[in-house]
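# Architecture at a glance
If you want the building blocks of each chain, they are given just below.
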Amino acid sequence: MVLGSLRTRKVVATWSGGLDTTSLIPFMIEEYNAEVFPIFVIRQQENYRAEARAIRYFSRLFLKRYRTKFHSPFKVKTIIPPLEFKKYFPQANTEKTHALRNSDIVNQAVRYALILHIDVILVGSNVNDRMKDSSYSYWRKKTDEIRHGASNHKLQVVAPFQELGWDKKDMVVWCYDHKIPIQKSWSCWKALGMHCGACPPCRRRKEAFKKAQVEDLSGYLE
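Attention in this report is confined to the structure presented alongside it. (Residues numbered from 1 in each chain as written. Predicted model: local features only at pLDDT ≥ 70, side-chain atom pairs only at ≥ 80, totals over all residues. Heavy atoms only, no water.)

### Remarks on the side chain of His98
When you line up the elements, His98 lands in the loop between α4 (94–97) and α5 (101–116). Engagement of the side chain of His98 in a polar contact is seen with the side chain of Thr97, the distance being 2.9 Å. (Helix = DSSP H or I, 4+ residues; strand = E, 2+ residues; numbered from the N terminus. Polar contact = N/O pair within 3.5 Å; in protein donor to acceptor, adjacent residues only side chain to side chain.)

Following this line, the structure appears as structure tokens:
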């Protein structure tokens, strides 16, 4: 869809406290004058405390900076994936146990959007996302699913950064140019005092700052 049609619209945005979803909120407000209603899904993730810390930090910042355009995040608890999969299939590949995790998260956002009478659900996916349920083609199919499932043909899932052909580097550059302290976001799989620096999300984060030629103030253990 054309991003211009989102101008001045009310939107629900999935928010994890990570670099991508955190960048998306000010981007939509500043570039499209959107009114953003974030949803934070507490799914018993290992890095919950660190994600929650990032959510609290940016909520204070955005509420002060954007006032009428940013709403405090709606927090919901739903275990993804269910604990039984980890308990009874401990050797199973995460590509199987965590299959459709992003879809599960978006389902919660759809419910929130329906309650608020909002038609657009935003996700922070970028062009280099590797999960199958985070691709541009998947979100188009997800839109068809929720339209049928909710009997509402206006509903749509939109990944603005994919529409623009952006990767993490582009987000870092935009945040730097707009004085968004994106180093306060959280990418690491763990909930340590600093990013571990070694897990795949940390490596992709480091690479994004390097390619953007922006000083990385995130802080890493290695």
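### A short note on the packing of helix α1 (residues 19–32) against helix α2 (residues 48–66)
Contact geometry of α1 with α2 gives a least axis separation of 12 Å together with a crossing angle of 5 degrees. As the angle between them shows, α1 and α2 are arranged roughly parallel. Mapping the contact onto sequence places Thr22, Ile25, Pro26, Ile29 and Glu30 in α1 and Phe58, Phe62, Arg65 and Tyr66 in α2. For the contact of α1 with α2, a count of residues per class yields 6 nonpolar, 1 polar and 2 charged. (Axes fitted to C-alpha atoms, helices over the stretch in contact; angles between N-to-C directions. Parallel < 35°, antiparallel > 145°, perpendicular 65-115°, else oblique. Contact = heavy atoms within 4.5 Å. Nonpolar A, V, L, I, M, F, W, Y, C, P; charged D, E, K, R; others polar.)

### Things to note about the sheet that holds strand β3 (residues 74–77)
Strands in a sheet are paired, the pairing made by backbone hydrogen bonds, and the direction either parallel or antiparallel. Reading across from one edge, β3-β2-β1-β4-β5 is the order of the 5 strands in this open sheet, with parallel pairing throughout. The open sheet has two edge strands, β3 and β5 (156–158), and neither has a second partner. Each strand of the sheet is rotated relative to its neighbour by a mean of 30 degrees, with strand direction disregarded. In this sheet, strand β2 (residues 35–42) lies alongside strand β1 (residues 10–14) in parallel orientation, the contact comprising 5 bridges. Within the sheet, the bridge partner assigned to Val11 lies in β2 and is Val36. Relative to the sheet, α5 contacts β1, β2, β3, β4 (120–122) and β5, its axis offset from that of β2 by approximately 135 degrees. (Pairing = 2+ DSSP bridges.)

### Details of helix α9 (residues 200–212)
Taking 1.5 Å per residue, 13 residues should reach 18 Å; α9 reaches 18 Å between its end C-alpha atoms and fits that length. Of all the positions in α9, only Pro201, Cys202, Arg205, Ala208, Phe209 and Ala212 are classed as buried. Buried residues of α9 fall within an arc of 120 degrees about the axis and therefore sit on the same side. On its buried face, α9 sits against α1 and α8 (168–177). (Expected span 1.5 Å × (residues − 1). Buried < 20%, exposed > 50% of the residue type's maximum accessible area, 1.4 Å probe, protein only. Arc of directions from axis to C-beta.)

### Brief notes about α8
Buried residues of α8: Lys168, Met171, Val172, Trp174 and Cys175, and no others. One side of α8 carries all its buried residues, which in axial view fall inside an arc of 165 degrees. For α8, the secondary structure elements touched by its buried residues are α1, α7 (160–164) and α9. Where α8 begins, the side chain of Asp167 points an oxygen toward the backbone nitrogen of Lys169, at a separation of 3.1 Å. Immediately beyond the C-terminal end of α8, within one or two residues, lies Lys179, with a positive phi of roughly 55 degrees.

### Observations concerning the nonpolar core
Counting 38 residues, the largest nonpolar core has Met28, Val36, Phe62 and Leu122 as its most contacted members. Only β1, α1, β2, α2, β4, α8 and α9 provide two or more residues apiece to this core. Per-element tally for this core: the top contributor is α1, with 7 residues. When sequence neighbours within four positions are dropped, the list of residues in contact with Val36 reads Val11, Ala13, Ile25, Met28, Ile29, Lys69, Phe70 and His71. Ile146, Leu155, Val157 and Ala159 belong to the second-largest nonpolar core, a separate cluster that totals 21 residues. (Core = buried A, V, L, I, M, F, W, Y, C linked by side-chain atoms within 4.5 Å.)

### Considerations on the environment of Gln213
Relative to the helices and strands, Gln213 resides in the segment after α9. Assessed through its relative accessible area of 75%, Gln213 is described here as exposed. A sequence separation of 44 residues divides Gln213 from Lys169, and the C-alpha atoms of the two residues are 8.8 Å apart.

### Considering the pattern of salt bridges
Tallied over the full model, the rule gives 5 salt bridges. Across the pair Asp20 and Lys168 runs a salt bridge whose closest N-O atoms are separated by 2.5 Å. On the criterion of sequence distance, the pair formed by Asp20 in helix α1 and Lys168 in helix α8 is long-range, its members being 148 residues apart. On the basis of relative accessibility, which here comes to 8%, the residue Asp20 falls in the buried class. A relative accessible area of 18% means that Lys168 is categorised as buried. (Salt bridge = Lys/Arg side-chain N within 4 Å of Asp/Glu carboxyl O.)

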